[in-house]
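Results of the structural survey
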There are 2 protein chains.
Amino acid sequence: MRKIVLFTAVAGLLMSGGAMAADAAAGKAKSGVCAACHGADGNSMVPMYPKLAGQHATYLEASMKAYRDGQRTGGNAAIMAPMAKGLSDADIANLAAYYSQQAHK
Amino acid sequence: MRKIVLFTAVAGLLMSGGAMAADAAAGKAKSGVCAACHGADGNSMVPMYPKLAGQHATYLEASMKAYRDGQRTGGNAAIMAPMAKGLSDADIANLAAYYSQQAHK
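Residues numbered from 1 in each chain as written. Chains lettered and ligands numbered in written order. Predicted model: local features only at pLDDT ≥ 70, side-chain atom pairs only at ≥ 80, totals over all residues. Heavy atoms only, no water.

As recorded by an unreviewed UniProt entry, chain A carries the name C-type cytochrome and is attributed to Venatoribacter cucullus.

Structure, rendered in structure tokens:
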């Protein structure tokens, strides 16, 4: 019986594409460099930099990947592309989880 | 004296690049087509589409212009580029004013 439960849990995790794996605490730890523009909790005080707090995690992930993968060239891309360059998919998922869970102010 | 006051007002408006000219009501009137993805008040219920409510107007303007001007190709660009294509700078400023003034939920 234990094996079935274990197998189901692992299969569920794999099938979810690791979506459940996002770790907001790890995202917070990774967010230090982002705070300069986006604010420590994602409530940017600079009009040119977006507020990330309370934004959809899925959208945040897609945006970071678009910057990382060179699919955004205008606006803040000159700043964001190098920032995103070194991020892994897991880093991006964790950062997105962290900011999406912050209260928008 | 009246001429000086008038001149100062016009000069101020011109120097501000028309920034004061943004009209949130006109933005709301223009936002009908945006509501399908972003929600009537900018609080998108679809994780792939960003919440616009309470976002910085300056950032919203830069994003819409980046889509309009082909500087964003990844993520939602396939949807957003045609949407933004027909927007004038004034439309964009008005839409940004409208959404930035909405309460984030």
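For these two chains of identical sequence, chain A goes onto chain B by a turn of 180 degrees and a shift of 0.0 Å along the axis, with RMSD 0.0 Å. Viewed as a symmetry operation, the transformation between the two copies matches a two-fold axis. Minimal C-alpha separation from the rotation axis in chain A is found for Arg72(A), amounting to 2.2 Å. Of the interface residues in chain A, 100% have counterparts in chain B that sit at the interface too, so the contact is made through matching surfaces. (Least-squares fit on C-alpha atoms with pLDDT ≥ 70 in both. Contact = heavy atoms within 4.5 Å.)

Let us now look at the pattern of salt bridges. Residues and elements named next belong to chain A. Throughout the structure, instances matching the rule amount to 10 salt bridges over all chains. Asp 91 is paired through a salt bridge with Lys 30; the nearest N and O atoms lie 3.8 Å apart. Within this pair, whereas Asp 91 is found in helix 6 (residues 89-100), its partner Lys 30 is found in helix 2 (residues 24-30), the two being separated by 61 residues in sequence. Connected through salt bridges with shared partners, the residues Arg 68, Asp 69 and Asp 89 form a single ionic network. (Salt bridge = Lys/Arg side-chain N within 4 Å of Asp/Glu carboxyl O. Helix = DSSP H or I, 4+ residues; strand = E, 2+ residues; numbered from the N terminus.)

Taken together, the contact pairs 23 residues of chain A with 23 residues of chain B. Together chain A and chain B conceal approximately 1,900 Å² of surface at their shared face, both sides included; 57% is due to carbon and sulfur atoms. At the junction of chain A and chain B, the tally comes to 0 salt bridges. The interface formed by chain A and chain B holds 13 residue pairs in polar contact (both at pLDDT 80 or more) in total. Of the residues that constitute the side of chain A that touches chain B, the class distribution is 10 nonpolar, 11 polar and 2 charged. (Buried area = accessible area lost by both parts, 1.4 Å probe. Polar contact = N/O pair within 3.5 Å; in protein donor to acceptor, adjacent residues only side chain to side chain. Nonpolar A, V, L, I, M, F, W, Y, C, P; charged D, E, K, R; others polar.)

Here we come to the environment of Ala36(A). All names here are of chain A. By secondary structure assignment, the location of Ala 36 is in helix 3 (residues 35-38). Owing to a relative accessible area of 70%, Ala 36 belongs among the exposed residues under this scheme. Taking the C-alpha atoms as reference points, Ala 36 and Val 46, separated by 10 residues in sequence, lie 9.8 Å from one another. (Buried < 20%, exposed > 50% of the residue type's maximum accessible area, 1.4 Å probe, protein only.)

Glancing now at a nonpolar patch on the surface. A contiguous nonpolar patch, built from Val33(A), Ile79(A) and Met83(A) and spanning about 250 Å² of accessible area, is present on the exposed surface. Relative to the helices and strands, Met83(A) resides in helix 5 (residues 77-85). (Patch = residues over 30% accessible without salt bridge, like charges linked within 9 Å, V, L, I, M, F, W, Y side chains within 5 Å. Areas by Shrake-Rupley, 256 points an atom, 1.4 Å probe, with all protein chains shown as cover.)

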